[in-house]
Amino acid sequence: MSLDGTYDDANIFALILQGKIPATKIYEDESTFSFLDIMPQTRGHALVISKWSKARNLLEMEDEALAQVMATVKKVATAIRKAIHPDGIQIAQLNGAPAGQTIFHLHVHILPRWEGDAKGFAGHGHGVQADRAQLEALANEIRAQL
Ligand code: AMP
């Protein structure tokens, strides 16, 4: 899907927000939701989404929703830092399929990074499917730092 198109109410992140498919929640407030990526590219790879905006990408997003999402990115990244002590934290956000976007509900990636790791953002399909119990244990560690 290019930058132009229609929001699909049945996209995976919309289904997570509707409670129709599970997610490993880290944080939630009135306007945003954060959870661990199911195919993490690094340990602690998390995502943040808006609960109300139907923006598929950054160019469509309301300034208010964007500010809410980024405030949660900062909050969750800070908790991740305290919990698992990365050397760096990469923030990534993809717009349109040619840019690597695969789920068309705006989301921001938080990727903890360690010295010596491969650099760059591999994109969808390069992570390894995580074990749900392990993700839940990690989410517990991060939640404890919020
Ligand atoms: P993007 O390529 O920016 O659209 O990223 C989509 C991300 O969503 C990828 O990193 C996927 O691993 C992740 N993902 C896909 N399905 C789920 C899911 N059910 N729960 C958590 N993360 C998911």
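Residues numbered from 1 in each chain as written. Predicted model: local features only at pLDDT ≥ 70, side-chain atom pairs only at ≥ 80, totals over all residues. Heavy atoms only, no water.

## Quick word on unusual backbone geometry
Then comes step 1: Backbone geometry at His85 places phi at a positive 55°, although glycine is not the residue there.
Then comes step 2: Overall, the relative accessible area of 56% leaves His85 in the exposed class. (Buried < 20%, exposed > 50% of the residue type's maximum accessible area, 1.4 Å probe, protein only.)

## Brief notes about the UniProt feature "domain: HIT" (unreviewed entry) in the protein chain
Then comes step 1: Per the UniProt record, "domain: HIT" (unreviewed entry) is annotated on residues 12-120.
Then comes step 2: In this annotation, residues 12-120 is assigned 26% helix and 24% strand; the end-to-end C-alpha distance for the span is 25 Å. (UniProt positions renumbered as here; feature names shortened; annotations may be inferred. Helix = DSSP H or I, 4+ residues; strand = E, 2+ residues; numbered from the N terminus.)

## A word on the sheet that holds strand 1 (residues 25-28)
Then comes step 1: If you walk across this open sheet you meet the five strands as 1-2-3-5-4, and the pairing is antiparallel. Of all strands in the sheet, those with a lone pairing partner are strand 1 and strand 4 (88-92), marking the two edges. For this sheet the average axis-to-axis angle between neighbouring strands, irrespective of direction, equals 20°.
Then comes step 2: As paired elements, strand 3 (residues 46-50) and strand 5 (residues 107-113) share four bridges and run antiparallel to each other. Bridged to Leu47 within strand 5 is His109.
Then comes step 3: In the packing of helix 2 (residues 63-84) onto the sheet, the strands contacted are strand 1, strand 2 (32-36), strand 3, strand 4 and strand 5, and the crossing angle to strand 5 comes to about 20°. (Pairing = 2+ DSSP bridges. Axes fitted to C-alpha atoms, helices over the stretch in contact; angles between N-to-C directions. Contact = heavy atoms within 4.5 Å.)

## Concerning helix 3 (residues 132-143)
Then comes step 1: When the terminal C-alpha atoms of helix 3 are compared, their 16 Å separation across 12 residues agrees well with the 16 Å that a helix rising 1.5 Å per residue should span.
Then comes step 2: Looking at the buried positions of helix 3, the neighbouring elements they touch are strand 1, strand 2 and helix 2. (Expected span 1.5 Å × (residues − 1).)

## Structural notes on the environment of Gln134
Then comes step 1: Structurally, Gln134 is set in helix 3.
Then comes step 2: Sequence separation between Gln134 and Gln101 is 33 residues, and the spatial gap between their C-alpha atoms is 26 Å.

## Some words on the site of the ligand
Then comes step 1: The immediate surroundings of the ligand are formed by 17 residues, with Asp37, Gly100, Thr102, His107 and His109 found nearest.
Then comes step 2: In the environment of the ligand, an oxygen atom lies 2.8 Å from a nitrogen or oxygen atom belonging to the side chain of His109.
Then comes step 3: For the shell around the ligand, the elements supplying multiple residues, two or more each, are helix 1 (12-17), strand 2 and strand 5.
Then comes step 4: Examining the composition of the shell around the ligand, we find that three residues originate from one element, helix 1, more than from any other.
Then comes step 5: Class assignment for the residues of the shell around the ligand results in 10 nonpolar, six polar and one charged. (Near = heavy atom within 4 Å. Polar contact = N/O pair within 3.5 Å; in protein donor to acceptor, adjacent residues only side chain to side chain. Nonpolar A, V, L, I, M, F, W, Y, C, P; charged D, E, K, R; others polar.)

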